[in-house]
Amino acid sequence: MTELLRIKDLRVYFQARRGLIGTIPVKAIDGVSLTLEKGETLAVVGESGSGKTTLGRAALRLVKPTSGNIFFEGEDISHLPDSSLKKFRRRVQGVFQDPYSSLDAFMSVSQILEEPLAIHDIGSPHERIEMIHQALQDVRLSPVEEMATKYPHMLSGGLRQRVGLARALILRPDFILADEPVSMIDASSRAEILYLMRELQNTYGITFLYITHDIATARHFADRIAVMYAGRIVEIGPSDQIIDEPLHPYTTALIRAIPEPDPANRLRQRPVIPGEPPSATEPPTGCRFHPRCPSAIAGTCKVVDPNLIEVMPGHYAACHLWPRALQE
Amino acid sequence: MSLLDVRDLHMHYATQGNPVRAVDGISFQVEKGQALGIVGESGSGKTSLSLALMRLLPSNATDYRGQVVLEGEDIGDLRDEDFRRLVRWRKMSMVFQGAMNSLNPVLKVGHQVAEPFLLENKGPKDLAKERVLQLFDLVRLPRETVDRYPHELSGGMKQRVMIAMSLVLNPSLVILDEPTSALDVSIQAQMMNLLKDLKRDLGISFIFITHDIALASDICDKIAVMYAGEIVEIGNAEDVLIRPQHPYTRKLLDSIPRLGSNEAPQFIPGAPPDLTAPPPGCRFHPRCPFAFDRCDRESPAIITIEEGHKTRCWLLDKKSP
């Protein structure tokens, strides 16, 4: 496989107001490295505040990294000025969480889909109509002529999200960031959108970065899963392995927190991790998960920041339970 | 006798055209100390049902009728003023969806929890303070949280405040509308454990409204599946989750991505119907893979599968030709 996107030791800090004149850095992403192969889906799973959305936005260069690098097909785009980014922007697209606010209410579906073509000056008016119809067909919004004339308020959440997907597709991108694309859609329709994404991936060879809080959909729709906690990746590896043999106590806790429909659930307490995710302004010392970790090693986890090490082929964890994490 | 017995409850919304038939003939019972789950997609009428039960009727509510018997008393007959004085918050309270974001930002949360208590008991304030501290212990909030403002609390803590507030006048039934949907999964699990404890230790009954049937299984003894303003299947959690009968219930269960299996999740094609003009016959028939000619003509009868397990589906009608 060939590499499409490589993120190296990425840090994104924001300045938050503290008091009247002071500011304090919020460390949204604090040292993340990962590689996306062409044609794969990598899910980034985490809770709110883990930095997963910022990571996705940085991958599209919608936020500027504080330090570290982002390589797209080998070219470092992390510090390019906005004026030089247009070529890159044509090849990477995003689908976002809220299908209600991410579409302009005053634009028809065809206008929404034409906008990226206009920005990048692609096609004659006639060609554009054909491209719009093809994109609508690709996301199964039919009849296409009728759908093209609709306005967002006339469509359900699921249909709007398909318009969002069509808008991302119309430039034939190599890479799509899908940030919680189904979290506002009914559970009964989520799989439909995710299957559609997978099908488009197979047809057009698109690489997906799938940002989600839902490790269960990640298991079924991603090739690999990266678990984020407090601005770091704590575990990354093949989806099946992450679910069946999680290496990091946080991953285990995330998996156990999700109920399956079982009538016996009500008769027992769910194993939970205590407390809440830490603040991004003052993350804990050592391993950031140690204050909530049921397996924390006294004297080590609070002090030493664990490295991400390869425990099994292609399966990495940052945890002192895997002793090599201390040395590397 | 059931704690709550609802029969043929209706509530529609007036529009310029046909009314929206959001709650369209709902019947169920809730037993003391048990939890009933109301599960359905958005637009199925589950939140409207809770508003109808609490008699918090939107200004365009119309055709509000049916029988609601709480602790043996027909509360449907009460005048609005008596309902407010005797029932709402005292016998039956509610945690609204997203309510944690409606806390008053300039009042300490302890004060906000005490408010219903102060209105009820015009006695000394220490009594209210004592009650609030007791509730904060119960929902496992540190006692010093009473003097905090909402912005100082996390989402999970605010939701605990909302649960404390719902319990302040000792109701026997609490309606929870998607109480965990804005929370992270690890906090959601903590919240579900808390609700289980409240149910077991205080014998409180819950109506638990959610779109997530897996989450419903975490607390509910009985589950009702709602579709297009109607209950299409109701039964004990075991019956509905292990032996689902209605095609919609089965499809809902199949749409959940399972962590423990390779079986890929399914989806239900199409969308729930427009409730101003629901489909004739069975309202699910346009999306049902098993629909036959009877389904689009006649509304299905309620069929009892086993004791306490009922469904509305012509496939299960033994007398069906």
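Residues numbered from 1 in each chain as written. Chains lettered and ligands numbered in written order. Predicted model: local features only at pLDDT ≥ 70, side-chain atom pairs only at ≥ 80, totals over all residues. Heavy atoms only, no water.

Novice: Just checking my understanding: could you explain the sheet that holds strand S3 (residues 41-45) of chain A for this structure?
Specialist: What links the strands of a sheet is backbone hydrogen bonding, and the strands pair in either a parallel or an antiparallel sense. Residues and elements named next belong to chain A. Taken in spatial order, the eight strands make up an open sheet running S6-S7-S8-S3-S9-S10-S12-S11, and their pairing is mixed. A single partner strand is all that each edge strand has here, and the edge strands are strand S6 (92-95) and strand S11 (309-312). The average undirected angle you get between the axes of adjacent strands in this sheet is 25 degrees. In the sheet, strand S7 (residues 175-179) pairs with strand S8 (residues 207-212) via five bridges, with the strands oriented parallel. Directly across from Asp179, in S8, lies its bridge partner Ile211. Along the sheet, helix H1 (residues 52-59) makes contact with S3, S7, S8 and strand S9 (224-229), crossing S8 at roughly 155 degrees. On the sheet, helix H10 (residues 249-257) packs against S3, S9 and strand S10 (232-238) and is oriented at approximately 105 degrees with respect to S9. (Pairing = 2+ DSSP bridges. Helix = DSSP H or I, 4+ residues; strand = E, 2+ residues; numbered from the N terminus. Axes fitted to C-alpha atoms, helices over the stretch in contact; angles between N-to-C directions. Contact = heavy atoms within 4.5 Å.)

Novice: Would you mind going over the side chain of Asp177(B) with me for this structure?
Specialist: Position of Asp177(B) among the secondary structure elements: in strand S7 (residues 173-177). There is a polar contact of 3.0 Å between the side chain of Asp177(B) and the side chain of Thr47(B). (Polar contact = N/O pair within 3.5 Å; in protein donor to acceptor, adjacent residues only side chain to side chain.)

Novice: When you look at the nonpolar core in this model, what are you seeing that I'm missing?
Specialist: Within soluble globular proteins, side chains that are nonpolar generally end up buried alongside one another. Counting residues in hydrophobic clusters, the biggest one holds 97 residues, and the most contacted among them are Phe28(B) and Ile207(B). Counting 64 residues, the second-largest nonpolar core is a separate cluster that includes Val45(A), Leu103(A), Ala178(A) and Ile258(A). (Core = buried A, V, L, I, M, F, W, Y, C linked by side-chain atoms within 4.5 Å. Buried < 20%, exposed > 50% of the residue type's maximum accessible area, 1.4 Å probe, protein only.)

Novice: Please clarify how the sheet that holds strand S5 (residues 75-76) of chain A should be interpreted in this entry.
Specialist: Residue and element names in this part refer to chain A. Taken in spatial order, the four strands of this open sheet run S2-S1-S4-S5, and their pairing is antiparallel. On the outer flanks of this sheet lie strand S2 (22-37) and S5, each paired with one strand and no other. Both strand S1 (residues 3-18) and S2 contribute to a ladder of 13 bridges, which runs antiparallel. Residue pairing in the sheet places Ala16 in a bridge with Ile24 of S2. On the sheet, H1 packs against S1, S2 and strand S4 (67-72) and is oriented at approximately 120 degrees with respect to S1.

Novice: I'm lost on the interface of chain B and chain A in this one. Help?
Specialist: Interfaces are often sized by the accessible area lost when the parts come together. Between chain B and chain A, the contact holds 43 residues from the first and 38 residues from the second. Between chain B and chain A, the buried area comes to about 3,600 Å², and carbon and sulfur atoms account for 52% of it. If you sort the residues of chain B by the area they bury against chain A, Val185(B), Leu259(B) and Phe267(B) come out on top, with a joint share of 20%. The tally of links from chain B across to chain A stands at three salt bridges. A salt bridge links Asp218(B) to Arg270(A), with the shortest nitrogen-to-oxygen separation between them at 3.0 Å. (Buried area = accessible area lost by both parts, 1.4 Å probe. Salt bridge = Lys/Arg side-chain N within 4 Å of Asp/Glu carboxyl O.)

Novice: Just to check I follow, could you spell out the side chain of Asn265(A) for this structure?
Specialist: Structurally, Asn265(A) can be placed in the loop between H10 and S11. Owing to a relative accessible area of 5%, Asn265(A) belongs among the buried residues under this scheme. A distance of 2.8 Å separates polar atoms of two side chains, one belonging to Asn265(A) and the other to Ser217(B). The residues contacting Asn265(A), other than those within four sequence positions of it, are Pro259(A), Glu260(A), Arg270(A), Lys196(B), Ala214(B), Ser217(B) and Asp218(B).

Novice: Would you mind showing me how to read the packing of helix H3 (residues 109-119) of chain A against helix H6 (residues 157-169) of chain A here?
Specialist: For any two helices packed against each other, the geometry is given by the interaxial angle and the distance between the axes. Residues and elements named next belong to chain A. Where H3 meets H6, the axes come as close as 8 Å, and the angle between the chain directions of the two elements is 30 degrees. One element, H3, and the other, H6, form an angle in the roughly parallel class. Our pair here, H3 against H6, has a crossing hand that is right-handed. Facing Val109, Ile112, Leu113 and Pro116 of H3, the residues of H6 in contact are Val163, Ala166 and Arg167. Grouping the constituent residues of the contact of H3 with H6 by class yields six nonpolar, no polar and one charged. (Parallel < 35°, antiparallel > 145°, perpendicular 65-115°, else oblique. Left-handed = near helix turned anticlockwise from the far one by under 90°. Nonpolar A, V, L, I, M, F, W, Y, C, P; charged D, E, K, R; others polar.)

Novice: Sorry, what's going on with the environment of Phe106(A) here?
Specialist: All names here are of chain A. Position of Phe106 among the secondary structure elements: in the loop between S6 and H3. Among the residues examined, Phe106 registers a relative accessible area of 75% and is labelled exposed. When the C-alpha positions of Phe106 and Leu177 are compared, they lie 25 Å apart, and in sequence the two are 71 residues distant. Setting aside chain neighbours within four positions, we find Phe106 in contact with Gln111 and Tyr151.

Novice: I keep staring at helix H6 (residues 185-202) of chain B and nothing clicks. Help me out?
Specialist: Residue pairs spaced three or four apart in an α-helix point in one direction, given the helix's 3.6 residues per turn. For H6(B), spanning 18 residues, the distance from its first C-alpha to its last is 25 Å, which sits close to the expected 26 Å at 1.5 Å a residue. Counting buried residues in H6(B) gives 15 out of 18 residues, a clear majority hidden from the surface. (Expected span 1.5 Å × (residues − 1).)

Novice: Explain the pairing of strand S8 (residues 205-210) of chain B here, please?
Specialist: Looking along a regular strand, one sees side chains alternate from face to face of the sheet. Residues and elements named next belong to chain B. The buried fraction of S8 is high, at six of six residues. Burial along S8 is two-sided: the residues Ser205, Ile207 and Ile209 and Phe206, Phe208 and Thr210 are all buried. Where strand S3 (residues 35-39) meets S8, five bridges bridge the pair, whose relative direction is parallel. Bridge assignment links Ala35 to a residue of S8, and that residue is Phe206.

Novice: Could you clarify how one ought to interpret the packing of aromatic side chains in this entry?
Specialist: Note on aromatic pairs: each is described by the distance of the centres and the angle between the planes. Going through the model one piece at a time under the given rule, you end up with nine aromatic pairs over all chains. With a centroid separation of 5.2 Å and 80 degrees between ring planes, the pair formed by Phe72(A) and Phe88(A) is classed as edge-to-face. Of this pair, Phe72(A) sits in strand S4 while Phe88(A) sits in helix H2 (residues 86-91); the two residues are 16 residues apart in sequence, bridging distant segments of the chain. Phe88(A) sits in the buried class, given a relative accessible area of 6%. Ring geometry for Tyr248(B) versus Phe284(B): centroids 5.1 Å apart, planes at 65 degrees, classification edge-to-face. (Phe/Tyr/Trp six-rings, centres within 6.5 Å; stacked < 30°, edge-to-face > 60°.)

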